Amino acid sequence: MRLPAVTLAILAAITTTAAFANEMERVTPIAHAATQKECGECHMAFQPQLLPAASWGRIMDDLATHFGDNASLDPQAVVDIRAYLTSNAGRLGDGRLTRITEQRWWTREHDFRAHIWSRPDVRSKSNCTACHRDADKGLYEDN
Amino acid sequence: MIPMIRSVALGLVAGLGIGTALAASNASRDGILTGYAAQARAENPSFAGFSADRGRALYLGPHTGGKPETNACAACHTADPKREGRHAITGRAIKPMAVSVNPARFTDDADVEKRFSRDCPNVLGRACTAQEKGDFITFLAGQ
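(A) Main features of the state of the cysteines. Applying the stated criterion across every chain yields a total of one disulfide over all chains. Here Cys 120 of chain B connects covalently by a disulfide to Cys 128 of chain B, the sulfurs 2.1 Å from one another. Negative torsions about the S-S bond denote left-handed disulfides, and the value of about -90° found for Cys 120 of chain B with Cys 128 of chain B makes this one left-handed. No difference in accessibility class separates Cys 120 of chain B from Cys 128 of chain B, as the two residues are buried. Unpaired in terms of disulfides, Cys 42 of chain A finds its nearest cysteine sulfur in Cys 76 of chain B, a separation of 8.5 Å. We classify Cys 42 of chain A as buried; its relative accessible area is 18%. Cysteine Cys 131 of chain A shares no disulfide, and the gap to the nearest cysteine sulfur, in Cys 128 of chain A, comes to 8.8 Å.

Shown next, in the form of structure tokens:
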């Protein structure tokens, strides 16, 4: 069933989870070459919409100690990527958390048993493409 | 007559430390190796060319000093460099390192330097020397 936009807006206002689910069903693909390249080496380049601007700011503030890895870049690349991520960021979410996989909407959508996460082809919660084949195109809807 | 000329020529090439790289010659990769050879000579006056065998040992490890979960380059790049690798922490696929199956390898000096500066500390707990970098590329250019 397709709900009219007005109904969706009301539902979204009632439950934030619904708002997230709707908002994240169609995530805009990355349209910034430097972000795609520099942030897509060690993991899929996460779309800006997946985190609020404050979270992206925190991440870009400290790339040298990035989740246990060193992801530092030259200063101009940091400026460009920060601008792209923050100006296209999601409107919702907890800006104190730098992990997508710790945001409440995410943990609710992914309440799976532990053995799923240790499957060798999954390995990590951040490995979106292991389950969402077209995650790098922003498609999370069908699995 | 001809075999002799060939072996003299090969000897010269090997003396330059780019013998194996010539098997899959590429101007950018050769330039990167020439640069590392000059640096290696400056770091160590007794430098006598790159070695694919030393490169293999660096690649396969195991090493101490870095992170236990990534104690070899092979931990992410896989023991067989002709195969697709997988990032040990994020699960992200990594294109093969062997030049024979992935001719784009080691052709962008900024990318190559950036990755050496990230990956060597993770595996060895220190930066790679210019000789190690040249050994590594020489090994993979022959794979």
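(B) Local environment of the interface of chain A and chain B. Across the contact, 20 residues belong to chain A and 13 residues belong to chain B. For the chain A and chain B pair, buried surface summed over both sides reaches about 1,400 Å², with 34% attributable to carbon and sulfur atoms. When the buried area of chain A at its contact with chain B is split by residue, Glu 41, Cys 42 and Arg 123 of chain A rank highest and sum to 38% of it. Counting across the interface, chain A meets chain B through five salt bridges. Two residues, Arg 115 of chain B and Glu 41 of chain A, come together in a salt bridge whose shortest N-O distance is 2.5 Å.

(C) Highlighting the packing of helix α2 (residues 27-43) of chain B against helix α6 (residues 130-141) of chain B. Residue and element names in this part refer to chain B. Two elements in contact, α2 and α6, have axes whose closest approach is 8 Å; the angle formed by their N-to-C orientations is 145°. Taken as a pair, α2 and α6 cross one another with a handedness that is left-handed. Across from Arg 29, Ile 32, Leu 33, Tyr 36, Gln 39, Ala 40 and Glu 43 in α2, the residues of α6 making contact are Ala 130, Gln 131, Lys 133, Gly 134, Ile 137, Thr 138 and Ala 141. A class-by-class count of the residues in the contact of α2 with α6 yields seven nonpolar, four polar and three charged.

(D) Representation of the nonpolar core. Counting 28 residues, the largest nonpolar core has Phe 46, Leu 50, Trp 56, Met 60, Leu 63, Ile 100 and Tyr 140 of chain A as its most contacted members. Of all the elements in the fold, those that place two or more residues in this core are α4 (53-61), α5 (75-87) and α6 (104-109) of chain A. With five residues, the top contributor of residues to this core is α5 of chain A. Within the second largest apolar cluster, 27 residues are counted, among which are Tyr 36, Phe 106, Phe 139 and Ala 141 of chain B.

(E) Highlighting the pattern of salt bridges. Under the criterion given, the structure shown has 16 salt bridges over all chains. Note that Arg 54 of chain B is salt-bridged to Asp 135 of chain B, the shortest N-O span being 2.8 Å. Residue Arg 54 of chain B is found in helix α3 (residues 52-60), and its partner Asp 135 of chain B is found in helix α6; the two are separated by 81 residues along the sequence. Three or more residues are tied together by salt bridges with common partners; here these are Lys 37, Glu 38 and Glu 41 of chain A together with Asp 111, Lys 114, Arg 115, Arg 118 and Asp 119 of chain B.

(F) Structural context of the side chain of Glu 132 of chain B. Residue and element names in this part refer to chain B. Along the chain, Glu 132 falls in helix α6. Given a relative accessible area of 17%, Glu 132 falls into the buried group. In this view, Glu 132 contacts Leu 58, Leu 124, Arg 126 and Ala 127; residues no more than four positions away in its chain are not counted.

Reading guide: rules and limits
Residues numbered from 1 in each chain as written. Chains lettered and ligands numbered in written order. Predicted model: local features only at pLDDT ≥ 70, side-chain atom pairs only at ≥ 80, totals over all residues. Heavy atoms only, no water. Disulfide = S-S within 2.5 Å. Buried < 20%, exposed > 50% of the residue type's maximum accessible area, 1.4 Å probe, protein only. Contact = heavy atoms within 4.5 Å. Buried area = accessible area lost by both parts, 1.4 Å probe. Salt bridge = Lys/Arg side-chain N within 4 Å of Asp/Glu carboxyl O. Axes fitted to C-alpha atoms, helices over the stretch in contact; angles between N-to-C directions. Helix = DSSP H or I, 4+ residues; strand = E, 2+ residues; numbered from the N terminus. Left-handed = near helix turned anticlockwise from the far one by under 90°. Nonpolar A, V, L, I, M, F, W, Y, C, P; charged D, E, K, R; others polar. Core = buried A, V, L, I, M, F, W, Y, C linked by side-chain atoms within 4.5 Å.

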